[in-house]
Amino acid sequence: MRKDIHPPYAPVVFRDKAAGFAFLTRSTATTEKTVEWEDGRTYPVVDVEVSSASHPFYTGTARVLDTAGRVERFERRFGKR
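Within each chain, residue numbers correspond to sequence positions counted from 1 in written order. Only residues with pLDDT of 70 or above have their local features reported here, since the model is predicted, and side-chain atom pairs are shown and tallied only from 80 upward, although totals for entire chains, interfaces and linings are computed over all residues. As a rule here, side-chain values come from all non-hydrogen atoms in the structure, and water together with hydrogens is ignored.

Caption draft 1: Quick peek at the overall build of the protein chain. Assigned secondary structure in the protein chain consists of 2 helices and 4 strands. Taken across its 81 residues, the protein chain has 12% of its residues classed as buried. Any two residues having at least one pair of non-hydrogen atoms within 4.5 Å are treated as being in contact. Across the protein chain, contacts joining residues at least 24 apart in sequence account for 33% of those joining residues at least 6 apart. As displayed, the protein chain has an accessible area near 7200 Å², and 52% of this comes from carbon and sulfur atoms. Going along the chain from the N terminus, every DSSP run of H or I of four or more residues is numbered as a helix, and every run of E of two or more is numbered as a strand. For every residue, the accessible area (1.4 Å probe, protein chains only) is compared with the maximum for its type, and the residue is labelled buried under 20%, exposed over 50%, or partly exposed between those bounds. Accessible areas in this description were obtained via Shrake-Rupley with a 1.4 Å probe; residue shielding takes into account the shown protein chains only.

In structure tokens, the structure reads:
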């Protein structure tokens, strides 16, 4: 890697306030806000709107579309050709 062209890569906490979920990882994301983590150290915190703890696909609350009903309704409306 070339020196002095890459952003700093450091530990950052990503927090999903809607789900009350946070995780510590390494990132180049920067922010002025900080939070004290479980290990007693202070890390920058990035608030996100959706994470694996609140996304419908991962939580199992995703809606399944009834495609068979749509096909039947289309055939009733326009008939089979």
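Caption draft 2: Broad picture of the pattern of salt bridges. Whenever Lys or Arg places a side-chain nitrogen within 4 Å of a carboxyl oxygen from Asp or Glu, that contact is recorded as a salt bridge. With the rule as written, the count across this model stands at 2 salt bridges. The salt bridge partner of Arg15 is Asp47, with a shortest N-O separation of 2.8 Å. Note that Arg15 is positioned in strand β1 (residues 10-16) and Asp47 in strand β4 (residues 42-48), a separation of 32 residues in sequence. With a closest N to O distance of 2.8 Å, Lys33 and Asp47 form a salt bridge. Of this pair, Lys33 sits in the loop between β2 (21-27) and β3 (34-36) while Asp47 sits in strand β4, placing them 14 residues apart in sequence. One salt-bridge network, in which partners are shared between bridges, spans Arg15, Lys33 and Asp47.

Caption draft 3: Layout of a positive patch on the surface. A contiguous patch of positive charge, built from Arg70, Arg73, Arg76 and Arg77, is present on the exposed surface. Tracing the backbone shows Arg77 in helix α2 (residues 67-78). Each patch is built from residues lacking any salt bridge and having more than 30% relative accessible area; the joining distance is 9 Å for like charges and 5 Å for nonpolar side chains (Val, Leu, Ile, Met, Phe, Trp, Tyr). Positive residues here are Lys and Arg, negative ones are Asp and Glu, while His and the chain termini are left out of the count. Here the site of a charge means atom NZ of a Lys, CZ of an Arg, CG of an Asp or CD of a Glu.

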